[in-house]
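What the coordinates show
Here is what each chain is made of, one letter per residue.
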Amino acid sequence: MKNFLLKLKDSAVAVVPVTAVILILNFAFGSMPALNIGAFAVGAVALILGMTLYTLGSSVSMEPMGEHIGAKLAESKKPWLILAVCFVVGIIVTVAEPDLTVLASQIASIPNAVLIVAVGLGVGVFTVLAVLRIFLKIKLNLLLVALYGITFIVAAFVPADYLSVAFDSGGVTTGPITVPFILALGIGLSGVAGGARSQEDSFGMVGICSVGPVLAVLILGLVYDSEAVAEVTTAATYSNFAEVLAGFFKVLPTYLEEVGIALAPIFAFFIIFQFIRLKLPLKSLIRIIIGAIYTYIGLTLFLAGANFGFLPAGTYIGQIVAQVNPWICVPVGAVVGAFLVLAEPAVHVLIGQVESITGGAVTRKNMLVVLVVAMAAAVALSMVRMAAGVSIWYFILPVYIAALALSFFVPRMFTAIAFDSGGVASGPMTAAFLLPFAMGACAAAGGNIITDAFGIIAFVAMTPLVSIQIMGLVYKIKKSIAARETEAYYRELLAHEGEIVYLE
């Protein structure tokens, strides 16, 4: 109960500010009907409860499962077993992401099952690459340069309709199910592998896995026709608040089923692995099972609240703001983005693990500040692109070049954390509010939704790559200055002691 209340407080602190900002924007530009505001409020309450249970459950189920599996695999000393299991895990956790189904439904020319399987295979293959990097001691920045080099070469030949959606897929697939499991798997593998760089190797797996979906969708774009469509979600109409509550409880079973189907393969795999390899004590197993129930209920409530309350609100606010002037979406989007990142559940999982692994060298507060700034910049840039109708190429290419260039000058751990953060920041809240916000604004401004609105998730995944590495560069400079000052102090002290000895 103590942990629950603490998580509840953290969740409220994360969700209430963005809820207040959205309500202020709603009343400032033209209010939704009162009952639709009620639906939004119901969604916000579900969001808080859902995030509370999810973060509580993830810390005692998803993370321990990943760490136990990673550690036991590394101990086996059987490369074929390690790579095979990581390949299967990569596919399972990716197909489990609910937002992947939403993304698949946006592309009319590719069957949903084909896209989901292709993205799952992409993450599976790149999970194997991430594991090979740990055991072969390959530098992360060199691998990222190679992978993104291949990705941009393929992207140059893909129709424009697929470009934004492909880069969005990299952010969508690293959500609240994938992140805690993959992060913990990396910690387990690197911890047993040991070596001077084991701490650095704990991060970077999510960043590498994020490239897989992008490349998978780009390759599909070369095979299929370039037709892609998207529909702008309209808000439901209600006659009384009882209908609002009935509407929420009507969609709840859908998410119970979706999340259940998504999580079932992960926990089934863990149970099988438990009996074959892990053999954890009964007490630990029961704790993980209870945490799994918390995760299931929490993620269901979170997704139901986000899609029931925040998705239609995002579309509505995007439309009313763009009707005044599309360029007003730039500052408005920056403000919303800055607060919205606080409500992303996987963000809190990442920053907790970063603070723990680095022994407090990278604090939660510093990580949150940098991610808030990055998110604000991402949404602002995306709105500039939407309002001006500029190709996404003019943004993603220079930013990725800058991010990859920085990786050669900052401490390796910051590069790994930065590329992990890119996937983590673009979670279900981004898909449920920011994407509808961009689609609504684009539709009101008369733009092309596929080429102009899509890509906002890619921007959210992109800006932390630069901002966190800049934080790493500042950290490196401060550390260097402190080292020089310490050296000068001891030189002066030794010289002074020499004088005293001489006098004696």
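Conventions and cut-offs
- Note on numbering: residues in each chain are counted from 1, in written sequence order.
- Totals for whole chains, interfaces and linings use every residue, but because this is a predicted model, local features are given only for residues with pLDDT of at least 70 and side-chain atom pairs only at 80 or more, for both listing and counting.
- Hydrogen atoms and water are omitted, and side-chain values are computed over all heavy atoms in the structure.
- Note on conventions: DSSP H or I runs of at least 4 residues are helices, E runs of at least 2 residues are strands, and numbering of each starts at the N terminus.
- Restricting the calculation to C-alpha atoms gives the radius of gyration, and the globule rule supplies 2.2 Å times the number of residues raised to the power 0.38.
- To sort residues, take the accessible area from a 1.4 Å probe on protein chains only and compare it with the maximum for the residue type: under 20% means buried, over 50% means exposed, and anything in between is partly exposed.
- Contacts were defined at the residue level, with two residues in contact if any of their heavy atoms lie within 4.5 Å.
- To be clear on the numbers: accessible area is Shrake-Rupley with a 1.4 Å probe, and residue cover counts the displayed protein chains and nothing else.
- Only four residue types enter the charge count, namely Lys and Arg as positive and Asp and Glu as negative; His and the chain termini do not.
- By convention, the charge on Lys lies at NZ, on Arg at CZ, on Asp at CG and on Glu at CD.
- Two rings belonging to Phe, Tyr or Trp (six-membered ring only in the last case) form a pair when the distance between their centres is within 6.5 Å. Interplanar angles under 30 degrees mark stacking, angles over 60 mark edge-to-face geometry, and anything in between is tilted.
- By disulfide we mean two sulfur atoms from cysteines, separated by a distance within 2.5 Å.
- One speaks of a salt bridge when a side-chain nitrogen belonging to Lys or Arg is within 4 Å of a carboxyl oxygen belonging to Asp or Glu.
- Nine residue types can take part in a nonpolar core, namely buried Ala, Val, Leu, Ile, Met, Phe, Trp, Tyr and Cys, and a core is a set of them joined through side-chain atoms within 4.5 Å.
- Between the first and last residue of a helix there are one fewer steps than residues, each counted as 1.5 Å, and that sum is the expected span.
- Two axes enter the definition of the bend at a residue: one is fitted to the seven residues ending there, the other to the seven starting there, and the bend is the angle between them.
- In this analysis, a patch consists of residues with relative accessible area above 30% that form no salt bridge, clustered at 9 Å for like charges and at 5 Å for the nonpolar side chains Val, Leu, Ile, Met, Phe, Trp and Tyr.
- Axis definition: a line fit to C-alpha positions, over the contact stretch in the case of helices; interaxial angles, taken between N-to-C directions, run 0 to 180 degrees.
- Between 65 and 115 degrees an angle is taken as roughly perpendicular, under 35 as roughly parallel, over 145 as roughly antiparallel, and anywhere else as oblique.
- Note: crossing handedness is left-handed where the near helix turns anticlockwise from the far helix by less than a right angle, and right-handed where it turns clockwise.
- Side-chain classes are defined by residue name, with Ala, Val, Leu, Ile, Met, Phe, Trp, Tyr, Cys and Pro counting as nonpolar, Asp, Glu, Lys and Arg as charged, and the others, Gly among them, as polar.

On to the overall build of the protein chain. Of regular secondary structure, the protein chain possesses 22 helices and zero strands. Its C-alpha radius of gyration of 23 Å places the protein chain within 12% of the 23 Å reference for a compact globule of 504 residues. With the C-alpha coordinates aligned to their principal axes, the bounding extent of the protein chain is approximately 95 × 55 × 50 Å. Of all 504 residues assigned to the protein chain, the portion counted as buried reaches 57%. Across the protein chain, contacts joining residues at least 24 apart in sequence account for 87% of those joining residues at least 6 apart. Accessible area for the protein chain stands at about 20100 Å²; split by element, carbon and sulfur atoms hold 69% of it. Put simply, the protein chain has 24 plus and 26 minus side-chain charges, and the middle of one group is 10 Å from the middle of the other.

Attention now goes to the packing of aromatic side chains. Think of a pair of aromatic rings as described by two things: how far the centres are apart, and how the planes are tilted against each other in angle. As enumerated under the stated definition, the model contains 15 aromatic pairs in all. Relative to Phe437, the ring of Phe433 lies with its centre 6.3 Å away and its plane at 15 degrees, an arrangement referred to as stacked. Remark: Phe437 and Phe433 occur in helix α20 (residues 428-445); sequence separation between them is four residues, near one turn of the helix. Considered together, Phe433 and Phe437 belong to a single accessibility category, that of buried residues. Members of the aromatic cluster, joined through ring pairs, are Tyr148, Phe152, Phe167, Trp393, Tyr400 and Phe419.

Disulfide: a covalent bond formed between the sulfur atoms of two cysteine residues. Evaluation of the coordinates by the stated rule reveals zero disulfides. Cysteine Cys86 is unpaired, with the sulfur of Cys209 as its nearest cysteine sulfur at 9.2 Å. Looking at Cys86, the relative accessible area reads 0%, which means it is buried.

The next thing to look at is the environment of Lys139. When you line up the elements, Lys139 lands in the loop between α6 (112-136) and α7 (140-155). Sequence separation between Lys139 and Cys442 is 303 residues; the distance between their C-alpha atoms is 41 Å.

Attention shifts here to the pattern of salt bridges. Between side chains of opposite charge, pairing is possible as soon as their charged atoms come close. Evaluation of the coordinates by the stated rule reveals one salt bridge. With its nearest N and O atoms 3.1 Å apart, the salt bridge here joins Glu487 to Arg491. Of this pair, Glu487 and Arg491 are both found in helix α22 (residues 456-503), four residues apart, which corresponds to roughly one turn of the helix. When its relative accessible area of 57% is taken as the criterion, Arg491 is described as exposed.

Once that is clear, we can look at the nonpolar core. Within soluble globular proteins, side chains that are nonpolar tend to cluster in buried spots. In terms of nonpolar packing, the biggest core is built from 174 residues, with Ile69, Ile266, Met367 and Phe433 touching the most fellow members. A total of 16 residues in this core trace back to one element, the largest contributor, which is helix α14 (residues 282-324). Aside from chain neighbours lying at most four places away, what touches Phe433 is Ile22, Phe310, Ala313, Gly314, Ile317, Val336 and Leu340.

The next point concerns α20. With 18 residues, α20 ought to run about 26 Å at 1.5 Å a step, and its terminal C-alpha atoms sit 25 Å apart, in line with that. When the local axis directions of α20 are compared, the greatest deviation, roughly 25 degrees, occurs at Leu434, which is followed within four positions by the proline Pro436. The buried fraction of α20 amounts to 15 of the 18 residues, a majority that puts the element mostly inside the structure. Following α20 by one or two positions, Gly446 has its phi on the positive side, about 80 degrees.

Bringing the side chain of Ser11 into the picture now. With respect to the secondary-structure elements, Ser11 resides in helix α1 (residues 2-29). Looking at Ser11, the relative accessible area reads 2%, which means it is buried. For Ser11, the residues in contact, after removing those within four places along its chain, are Ile48, Met51 and Thr52.

What follows deals with the environment of Ala405. Assignment of secondary structure puts Ala405 in helix α18 (residues 393-406). Taking the C-alpha atoms as reference points, Ala405 and Met32, separated by 373 residues in sequence, lie 46 Å from one another.

One non-glycine residue with positive phi stands out, namely Lys137, at about 60 degrees. Inspection of the secondary structure assignment puts Lys137 in the loop between α6 and α7. One non-glycine residue, Lys279, adopts positive backbone phi at about 55 degrees. Here Lys279 is to be found in the loop between α13 (241-278) and α14. Its relative accessible area of 57% is what places Lys279 among the exposed residues.

Next up on the list: a nonpolar patch on the surface. On the surface, Ile153, Phe157, Ile219, Leu222 and Val223 cluster together into a nonpolar patch covering about 540 Å² of accessible area. Looking at the nonpolar patch element by element, the count peaks at three residues for helix α12 (residues 211-223). Inspection of the secondary structure assignment puts Phe157 in the loop between α7 and α8 (160-172). Its relative accessible area of 64% is what places Phe157 among the exposed residues.

When two helices pack together, you describe them by how their axes are tilted relative to each other and by the distance separating the axes. Viewed as axis vectors pointing N to C, helix α4 (residues 79-95) and α6 meet at an angle of 140 degrees, and their least axial separation amounts to 7 Å. In terms of orientation, α4 and α6 fall into the oblique class. Crossing of α4 over α6 shows right-handed handedness. Every residue of α6 that contacts α4 at Ile82, Leu83, Cys86, Phe87, Gly90, Ile91, Thr94 and Val95 is listed here: Ile116, Val119, Gly120, Leu121, Val123, Gly124, Val125, Thr127, Val128, Val131, Leu132 and Phe135. Grouping the constituent residues of the contact of α4 with α6 by class yields 15 nonpolar, five polar and no charged.

In this section: the environment of Gly247. Here Gly247 shows up in helix α13. Linking Gly247 and Phe308, residues 61 residues apart in sequence, is a C-alpha distance of 8.4 Å.

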